[in-house]
Amino acid sequence: MSEPRPDWKQKIQEQGLVFSTTTMDDGRRIEYWNESAYYEFTTDEVETLEVAAEDMHRMCLEAATFLATGAMGDIGIGPQALELAAESLQAGDVDVYGRFDFIYDGQGGPAKMLEYNADTPTGLIEAAVAQWFWLQDVFPEKDQWNGIHEALIRQWKKVQYRTGMSTLHVAHSEVEESGEDWMTAAYMRDVASQAGWTTIGINMSDIGWDPNLNRFVDLDNFMISTIFKLYPWELMMKEPFGQRLLERAHNPRWVEPAWKMLLSNKALLAALWHLYPQHPNLLPAYLNEPGPLKEWVAKPLHGREGDNIKIHAQGISLEQPGGYGREGWCYQQYQELPDFDGSHPVLGLWVVDGESVGCGIRESDGPVTDYFCRFVPNTIDAPAPLSAAASSNKAGIAL
C-alpha cells in the first residue's frame, strides 16, 4: 500500500492525465489513476519480462508474415486491406510503438501474452509520464520500469532520419469524448517535437483529398507527407476515402503503418499458436472455433477495451456488451488473472522499435480489463539510476 499524495489529482491533470474520473449513470465517480497501491518488480523479473516482450515482438512479425499470405483468410478486414497490409509489411514501412498485454503473477511461472495492441495503443501518458513523476515524489530513491518517453524520442528521430521529412501531422478522432485520444495525440506531438519534428494537429474528419495534387491534405490544403494517426486501420479502410488508401504511391507515410492491421487483429493469437505451439509465453488460440479448448475466452477480431468478450470457464459465463463480433472471433485458452486482494492486474509491456522499454499496470475487479480498470504505478527494487538525462527530458513536457 502507499499513501496518495494530497494533491495527486492536480498533478496528474497537469501532466496530461485529464481523463481519470468517470461518472457512472448512478452518479458514482470512478478514478482510473490509483496511487494508493503500487507493484514492485525485482531486477531479474524485469529482465525476464523484457526478453519475453522482445521475443514475442519478433514472433509477431513472423505471424504477421504468415497472416499476410491469406493462410487464415482475410481476418475480417477484406482482401484489399489484407493485400495493402502485405505490401506495407514487405516494404518495411516504419513503425513506432506497441503495447503487449501479459498475465504475470510474480510466482515464478512464465508470463502469458493476452494480445498485442500494435495499431492504436493508448495508456501512454500514465505509463510514460504520470507514474514517473509519482516515483520522483514518493520513492525518489528507487528505480522504475519506464524508459518509454526517451525511447519514443529516439524512435521519432530515427523516423525523421529514414524519411528525410521534417513535418509531422498528428491526427485523432474527435468522436472519443473522454479526452484520452486527444491527450495521447498531444503527447505524441510533444515527443516528436523533442525529436526535431514540426508538428501539426488535425482531426481525422478534417483530412481531405486534393484531386489536383492527388494527395491527402490538411485544412490549409497543405500536403500531408507523414502522419501519425490514432485511428484503427480497419475503420480507415471503411471510410469514404478508404479506396484512396490502396494507392500507396499517393499516400503519406502512415504511422502506424498498414501492416499493423495484422498485429492488432486477434487472429494474430491463432497464428502465433499455429507457428509456435507450446511456447511458454503463449496461450493456445484458434480462429473461428474453440477447437480442443474446454475453457476459453472468445475475442472479436477487432475488439478493444474488453468489448464483446465472452468467457466460458468453470464458474464463469460472461459476455461483455459492445459493437464488435461481425468480423469474426478468436478463441483463446482461459487463464485466470492474478488476484491481489480482489484486484486483478494485467501488465502492459511497451515496445518501441522492437525494444521493451517500460510497463504500465492496469487492475480490474473482474476477469476482464475494461473501461473501469485502474492504473497502478510500479517500482523496481533497485536504486534510482545516477543519470539525470531522464529527469531533464521528462521535465520538459508541456501538454
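If you're wondering where the values come from, they're calculated on a predicted model, not measured in any experiment.

Peer 1: I'm lost on the pairing of strand β14 (residues 296-300) in this one. Help?
Peer 2: Put simply, side chains in a regular strand alternate between the two faces of the sheet. Among the five residues that make up β14, five are buried, leaving the element largely enclosed by the rest of the structure. Along β14, one buried face is formed by W296, A298 and P300 and the opposite face, lined by V297 and K299, is buried too. Inspection of the sheet shows β14 paired to strand β17 (residues 329-333) by five bridges, in the antiparallel sense. Following the sheet pairing, P300 is matched in β17 by W329.

Peer 1: Quick question: what am I supposed to make of the layout of surface pockets here?
Peer 2: In this approach, a probe sized like a water molecule rolls over the atoms, and the result shows the empty space that is left. The computed volume of the second largest pocket comes to approximately 400 Å³. Among the elements of the structure, β3 (39-41) and β18 (344-352) are those that each provide at least two residues to the lining of the second largest pocket. Taken together, the residues of the lining of the second largest pocket sort by class into nine nonpolar, four polar and five charged.

Peer 1: Hey, could you run me through the packing of helix α2 (residues 43-68) against helix α3 (residues 79-91) in this one?
Peer 2: The relative placement of two packed helices comes down to the angle between their axes together with the axis-to-axis distance. Relative orientation of the contacting elements α2 and α3 amounts to 135°, with a least axis distance of 9 Å. In terms of their interaxial angle, α2 and α3 are classed as oblique. As for how α2 packs across α3, the hand of that crossing is left-handed. Here A64, T65, L67 and A68 of α2 lie close against α3, whose contacting residues are L82, A86 and L89. Across the contact of α2 with α3, the residue classes break down as six nonpolar, one polar and no charged.

Peer 1: Help me out: how do you make sense of the sheet that holds strand β15 (residues 310-313) in this one?
Peer 2: Across a sheet, paired strands are connected by hydrogen bonds in the backbone, their directions being either parallel or antiparallel. Read from one edge of the open sheet, five strands run β13-β17-β14-β15-β16, paired in antiparallel fashion. Only two strands of the sheet have a single neighbouring strand rather than two, namely β13 (285-287) and β16 (316-319). The sheet shows a mean angle of 15° between the axes of neighbouring strands, taken without regard to direction. Here β14 pairs with β15 via three bridges, running antiparallel. Considered in β15, the bridge of V297 is made with I311. Seen against the sheet, helix α9 (residues 267-275) touches β13, β14 and β17 and runs at an angle of roughly 115° to β13.

Peer 1: I'm lost on the pairing of strand β7 (residues 167-172) in this one. Help?
Peer 2: Within β7, six of the six residues are buried, which leaves the element mostly enclosed by the surrounding structure. Side chains T167, H169 and A171 of β7 all project onto a buried face; the interleaved residues L168, V170 and H172 project onto the opposite face, where all are buried too. In the sheet, β7 pairs with strand β8 (residues 198-203) via six bridges, with the strands oriented parallel. Note on β8: the bridge partner recorded for T167 is T198. After leaving β7, the chain enters helix α6 (residues 180-194) and then returns to the sheet as β8, a path that is right-handed. Bridge count between β7 and strand β11 (residues 226-230): four bridges; the pairing is parallel. Looking across to β11, one finds that H169 is bridged to I227.

Peer 1: Looking at this model, I keep getting lost on the state of the cysteines. Mind explaining?
Peer 2: Evaluation of the coordinates by the stated rule reveals zero disulfides. With no disulfide of its own, C60 has C330 as its nearest cysteine by sulfur position, at a separation of 12 Å. Owing to a relative accessible area of 0%, C60 belongs among the buried residues under this scheme.

Peer 1: Would you take a moment to explain α3 for this structure?
Peer 2: Each α-helix turn comprises 3.6 residues. Residues three or four places apart therefore point the same way. The end-to-end C-alpha distance of α3 is 18 Å, a good match for the 18 Å that 13 residues give at a rise of 1.5 Å each. Buried residues of α3: A81, L82, L84, A85, S88 and L89, and no others. Looking straight down α3, one finds its buried side chains confined to an arc of 160°; they lie on one side. Turned more than 90 degrees away from the buried face of α3, the exposed residues are P79 and Q90. If you follow the buried residues of α3, they end up packed against α2, α7 (233-236) and α8 (260-263). Backbone geometry just downstream of α3 places G92 in the positive-phi region, at approximately 70°.

Peer 1: Please clarify how the side chain of S88 should be interpreted in this entry.
Peer 2: Examined against the element boundaries, S88 turns out to sit in helix α3. In terms of polar contacts, S88 uses its side chain to reach the backbone amide nitrogen of W259, at 3.2 Å. Apart from residues no more than four positions distant in its own chain, S88 is found in contact with D93, R248, P257, A258 and W259.

Peer 1: What is the right way to look at the sheet that holds strand β21 (residues 378-383) in this model?
Peer 2: Pairing in this open sheet of three strands is mixed, and the strands run β3-β21-β6 from one edge to the other. Both outer strands of the open sheet, β3 and β6 (142-143), are each paired with one neighbouring strand and no more. Summarising the sheet, β3 and β21 pair through three bridges and their orientation is parallel. Across the sheet, E40 pairs through a bridge with T379, a residue of β21. The strands touched by α2 are β3 and β21; relative to β3, the strand with the most contacts, the crossing angle is about 85°.

Cut-offs used in this document
Residues numbered from 1 in each chain as written. Predicted model: local features only at pLDDT ≥ 70, side-chain atom pairs only at ≥ 80, totals over all residues. Heavy atoms only, no water. Buried < 20%, exposed > 50% of the residue type's maximum accessible area, 1.4 Å probe, protein only. Helix = DSSP H or I, 4+ residues; strand = E, 2+ residues; numbered from the N terminus. Pairing = 2+ DSSP bridges. 1 Å grid on protein atoms, 1.4 Å probe; cavity = no way out; pocket = protein on both sides within 12 Å on 5 of 7 lines; lining within 4 Å. Points joined across faces, edges and corners; volume = space filled by probe spheres on them. Nonpolar A, V, L, I, M, F, W, Y, C, P; charged D, E, K, R; others polar. Axes fitted to C-alpha atoms, helices over the stretch in contact; angles between N-to-C directions. Parallel < 35°, antiparallel > 145°, perpendicular 65-115°, else oblique. Left-handed = near helix turned anticlockwise from the far one by under 90°. Contact = heavy atoms within 4.5 Å. Right-handed = clockwise from strand over helix to strand, strands pointing away. Disulfide = S-S within 2.5 Å. Expected span 1.5 Å × (residues − 1). Arc of directions from axis to C-beta. Polar contact = N/O pair within 3.5 Å; in protein donor to acceptor, adjacent residues only side chain to side chain.

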